[in-house]
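Structural description and commentary
Now for the letters of each chain:
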Amino acid sequence: MIHLRDMQTGEFADFLAYFIPDYAAEISANYDEDMANARARAQREIKADLPSGVDTPGQTLLCMVRDGDDSDAPVGYLWCKPEESGKTVFISEFYVLPCHRGQGYAKSALIALEAMFAKTGHREARLRVAADNDKAQRLYLAAGYRATGINMRKSFGG
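Thresholds applied
- Residues numbered from 1 in each chain as written.
- Predicted model: local features only at pLDDT ≥ 70, side-chain atom pairs only at ≥ 80, totals over all residues.
- Heavy atoms only, no water.
- Salt bridge = Lys/Arg side-chain N within 4 Å of Asp/Glu carboxyl O.
- Helix = DSSP H or I, 4+ residues; strand = E, 2+ residues; numbered from the N terminus.
- Buried < 20%, exposed > 50% of the residue type's maximum accessible area, 1.4 Å probe, protein only.
- Pairing = 2+ DSSP bridges.
- Axes fitted to C-alpha atoms, helices over the stretch in contact; angles between N-to-C directions.
- Parallel < 35°, antiparallel > 145°, perpendicular 65-115°, else oblique.
- Left-handed = near helix turned anticlockwise from the far one by under 90°.
- Contact = heavy atoms within 4.5 Å.
- Nonpolar A, V, L, I, M, F, W, Y, C, P; charged D, E, K, R; others polar.

In total, this model carries eight salt bridges according to the counting rule given. Of the charged contacts, one joins Arg153 and Asp32 as a salt bridge, the two residues approaching to 3.3 Å between their closest N and O atoms. Of this pair, Arg153 sits in the segment after α4 (134–142) while Asp32 sits in the loop between α1 (12–31) and α2 (35–49), and the two are 121 residues apart along the sequence. In this structure Arg153 comes out as partly exposed when scored by relative accessible area, which is 43%. For Arg66, the salt bridge is made with Asp69, and the minimal N-O distance between the two is 3.1 Å. Within this structure, Arg5, Glu11 and Asp72 form a network of salt bridges that share partners.

The next subject is unusual backbone geometry. The residue Asp32 is not glycine, and still its phi comes out positive at about 55°. Given the relative accessible area of 56%, Asp32 is considered exposed. The residue Asp72 is not glycine, and still its phi comes out positive at about 60°. With respect to the helices and strands, Asp72 occurs in the loop between β2 (60–66) and β3 (74–82).

The next subject is the pairing of β3. With eight of nine residues buried, β3 is to be regarded as a mostly interior element. Judged from the six bridges that link them, β2 and β3 form a sheet pairing that is antiparallel. Residue pairing across strands places Thr60 opposite Cys80, the latter belonging to β3. In this sheet, strand β4 (residues 88–96) lies alongside β3 in antiparallel orientation, the contact comprising seven bridges. Note that in β4 the partner of Pro82 across the bridge is Val89.

Judged by pairing direction, the sheet is mixed, and its five strands sit side by side in the order β1-β2-β3-β4-β5 without closing on themselves. Strand pairing shows two members of the sheet lacking a second neighbour, β1 (2–6) and β5 (124–127), which therefore form its edges. On average, each strand axis in the sheet is inclined to that of its neighbour by 35°, with strand direction left out of account.

Turning our eyes to something else, we now look at the packing of α1 against α2. Contact geometry of α1 with α2 gives a least axis separation of 8 Å together with a crossing angle of 125°. As judged from the angle between their axes, α1 and α2 are oblique. As α1 runs across α2, the sense of the crossing is right-handed. Across the interface between the two elements, Phe15, Leu16, Phe19, Ile20, Pro21, Tyr23, Ala24, Ala25, Ile27, Ser28 and Tyr31 from α1 touch Met35, Ala38, Arg39, Arg41, Ala42, Gln43, Glu45 and Ile46 from α2. For the contact of α1 with α2, a count of residues per class yields 14 nonpolar, two polar and three charged.

And the structure:
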């Protein structure tokens, strides 16, 4: 249903076009930052994490593509960091474009990710999901992931 392929350099801008505002909204909602500061923080963090874009060593940027789609157009993106000497793949970002949601692509992409990294000796995927993202939590639980903890924070002072 879905296969994963390497993100091409020209697709990185499309990835950033949704990622920066989406991540900024999460920062703003969870860390009490106004949107301008949250957007600046998101831009700084992505520049630090992916300084060479799709060619950043140690990072894997993938596109989700429908099987049999000759256009090879992404229906979503997956950014992960596989440990070089370990067995864990950390999923940094997992996103299905809004017009392609509800069609089973997310679950299919997670299965494809497992198969891809099982071939390289990895045996586990980890991720962080926002506490208010119920839909993502349900997806991951249905795909066999389990909660291992919870992040917490409290603001105080001015």
